[in-house]
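Now for the letters of each chain:
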Amino acid sequence: MGFVQTLKNIWTIEELRKRLLITLLLVFIYRVGCYVVLPGISPSDIDALANFTNKSGLMQLLDMFSGGAFSQASIFALGIMPYITASIVIQLCGMILPSFQKMQREGESGRQKLNQYTRYLTVLILFLQAPAYLINLQVQVNGASNGTTLVLGFWTVAYLTIILAAGSMFIMWLGERITDRGIGNGISFIILVGIIARLPGALYYEFVSRLPGASGSQGGLVMFIVEVVLLFAVTVGAVLLVQGTRKVPVQYAKRIVGNRQYGGARQYIPLKVNAAGVMPIIFAQAIMFIPMTLAGFRGGDNGFVQAFTDINGFWYNFVFFILIVAFTYFYTAITVRPTQMAEDMKRNNGFIPGVKPGKKTAEYLDMIMSRITLPGSLFLGIVAILPAFARFFGISQNFAQFFGGTSLLIMVGVVLDTLQQVESHLMMHHYDGLMKEGKIKGRTTGQAY
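Residues numbered from 1 in each chain as written. Predicted model: local features only at pLDDT ≥ 70, side-chain atom pairs only at ≥ 80, totals over all residues. Heavy atoms only, no water.

Here the focus is the overall build of the chain. The helix and strand tally for the chain stands at 17 helices and 5 strands. Among the 449 residues that make up the chain, the fraction classed as buried is 44%. Relative to all contacts within the chain whose residues are 6 or more apart in sequence, the contacts with residues 24 or more apart total 69%. (Helix = DSSP H or I, 4+ residues; strand = E, 2+ residues; numbered from the N terminus. Buried < 20%, exposed > 50% of the residue type's maximum accessible area, 1.4 Å probe, protein only. Contact = heavy atoms within 4.5 Å.)

Turning our attention to the sheet that holds strand β5 (residues 350-351). Think of a sheet as strands paired side by side through backbone hydrogen bonds, with each pair either parallel or antiparallel. Strands sit in the order β4-β1-β5 across an open sheet of 3 strands; the sheet is antiparallel. Of all the strands in the sheet, the pair left with one neighbour each is β4 (266-272) and β5. As paired strands, strand β1 (residues 245-252) and β5 are joined by 2 bridges and run antiparallel to one another. If you follow glutamine 251 over to β5, its bridge partner there is phenylalanine 351. Where helix α14 (residues 338-347) meets the sheet, its contacts fall on β1, β4 and β5, and the angle it forms with β4 comes to roughly 170°. (Pairing = 2+ DSSP bridges. Axes fitted to C-alpha atoms, helices over the stretch in contact; angles between N-to-C directions.)

Between side chains of opposite charge, a pair can form as their charged atoms come close. Tallied over the entire structure, the rule returns 5 salt bridges. The residue arginine 177 makes a salt bridge to aspartate 180 at a minimum N-O spacing of 2.8 Å. Of this pair, arginine 177 and aspartate 180 both sit in helix α8 (residues 154-181), 3 residues apart, roughly one helical turn. When its relative accessible area of 46% is taken as the criterion, aspartate 180 is described as partly exposed. Among the ionic pairs, aspartate 344 bridges to arginine 347, the shortest N-O distance being 2.8 Å. In this pair, aspartate 344 and arginine 347 both sit in helix α14, 3 residues apart, roughly one turn of the helix. By relative accessible area, which is 14% here, aspartate 344 ends up buried. (Salt bridge = Lys/Arg side-chain N within 4 Å of Asp/Glu carboxyl O.)

Of all hydrophobic cores here, the largest spans 92 residues; its most connected members are Tyr133 and Leu409. With 9 residues, the single largest contributor to this core is helix α17 (residues 405-428). Residue contacts for leucine 409: discarding those within four places in its chain leaves Ala238, Leu241, Val242, Val278, Ile281, Leu380 and Val383. Formed by 14 residues, the second largest nonpolar core is a distinct cluster that contains Val248, Ile269, Val355 and Ile368. (Core = buried A, V, L, I, M, F, W, Y, C linked by side-chain atoms within 4.5 Å.)

Moving on to unusual backbone geometry. Most peptide bonds adopt trans geometry, and most residues besides glycine take a negative phi value. A positive phi angle, near 50°, is found at alanine 73, a position not held by glycine. Structurally, alanine 73 is set in the loop between α4 (57-65) and α5 (81-96).

Take a nonpolar patch on the surface next. A grouping of Leu25, Phe28, Ile29, Val32, Val36, Phe170 and Trp173 is seen on the molecular surface, where their side chains present a nonpolar patch of about 620 Å² in accessible area. Secondary structure elements with two or more residues in the nonpolar patch: α2 (14-33) and α8. Note that valine 36 resides in the loop between α2 and α3 (43-55). (Patch = residues over 30% accessible without salt bridge, like charges linked within 9 Å, V, L, I, M, F, W, Y side chains within 5 Å. Areas by Shrake-Rupley, 256 points an atom, 1.4 Å probe, with all protein chains shown as cover.)

Looking at the element boundaries, arginine 31 is found in helix α2. Of the residues examined, arginine 31 reaches a relative accessible area of 17% and is grouped as buried. Ignoring sequence-local partners within four residues, the contact set of arginine 31 consists of Gly67, Val193 and Ala197.

We now examine the packing of aromatic side chains. Applying the stated rule across the entire model yields 12 aromatic pairs. Judged by centre distance (5.1 Å) and plane angle (75°), the rings of phenylalanine 314 and tryptophan 315 are edge-to-face. For the pair tyrosine 316 and phenylalanine 320, a centre-to-centre distance of 6.0 Å together with 40° between the ring planes defines the contact as tilted. Within this pair, tyrosine 316 and its partner phenylalanine 320 are both found in helix α13 (residues 314-335), separated by 4 residues, close to a single helical turn. Across the pair, phenylalanine 320 and tyrosine 316 agree in class, each one buried. Within the aromatic cluster, the residues linked to one another by ring pairs are Tyr30, Phe76, Phe170 and Trp173. (Phe/Tyr/Trp six-rings, centres within 6.5 Å; stacked < 30°, edge-to-face > 60°.)

Laid out in structure tokens, this is it:
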């Protein structure tokens, strides 16, 4: 009854109801667009592309983020990933280039400039990726044994490139509308919808493959139940990783202004165990894609290159794990700045009990971040390579992708953020939150300093 009452409370709040309905409408438009096929592409061409995608771990990953549009040769085939790539590049420029750092400090005007640069870079990436996607489609169709051929001339590639670019930009526009008029976190929500859209099919395929009499069936339905329980346990672990924080107490000095007293209260700085989020996995995957590209040019005849193109192999996952740990420390060191935090506390008459303000406080915060980042990075690396262990124990490729990696962390993070948005609306209108005890802490929880 409590859950039903919560749903009634959500429907009662007019603003929240409108935002949820707008979000559902925009998501429906996105999902319909994922099945609108490019002009001139036949069903046999789609079958050839789908067969190739199912055989390649990299292509399956791209297909998951696009909600299946990649393997369907849809107008949304490139998905939102070009925009994510552009955002990462702009973010890295903000860490390295002084001009971008200046724009980051300019407030709203600076953010608008950076968003504009991100859109320009997205268009550039799209005009590079779209022809590559079309050429790959032509190669897979002509290399299939179904007797069909696909010839894409220069002008055909040109106008299909424009369609693919327009499709991705339209997805980006949908994401921005979800952020402005929907439930929020539009781009992340689009990625979440694309990932979840693949889950029912993967779950059904795994269930059918475990039925008695199915080819290659091992363990039966008992094994399927064990897999579901393990998936639930891994999801719980990912939630703990996303929400894990180390609270550092901060005491603020008392101030008397007129007849009122300010400060004097103790607050906390929530230092996240995984402050880098999914960025280390994304960076590490970008590095691991290099051997796959070299294998394509060299024909895969090099043993060293072959070892790093097998996503189920030992050396691929070992190096992948090491890169994630290294990038976690790197990204955390760049994004979390103890010196600036210490200066902000000192400016606001705050201090950590037992620690001198200024340099000592910065060193203390840096020491804490170094200590909590180690288990966070190891746990993140384990979560990233869990799909390989799942495939090793006989779980199908499609279902194994949900046992860890970027997809699981994105799902957990975005769901927590969305629930936090809904709960904030309920609490603002004096209703009980989604949970009677405790509060939902998403990735957007700010630092109290």
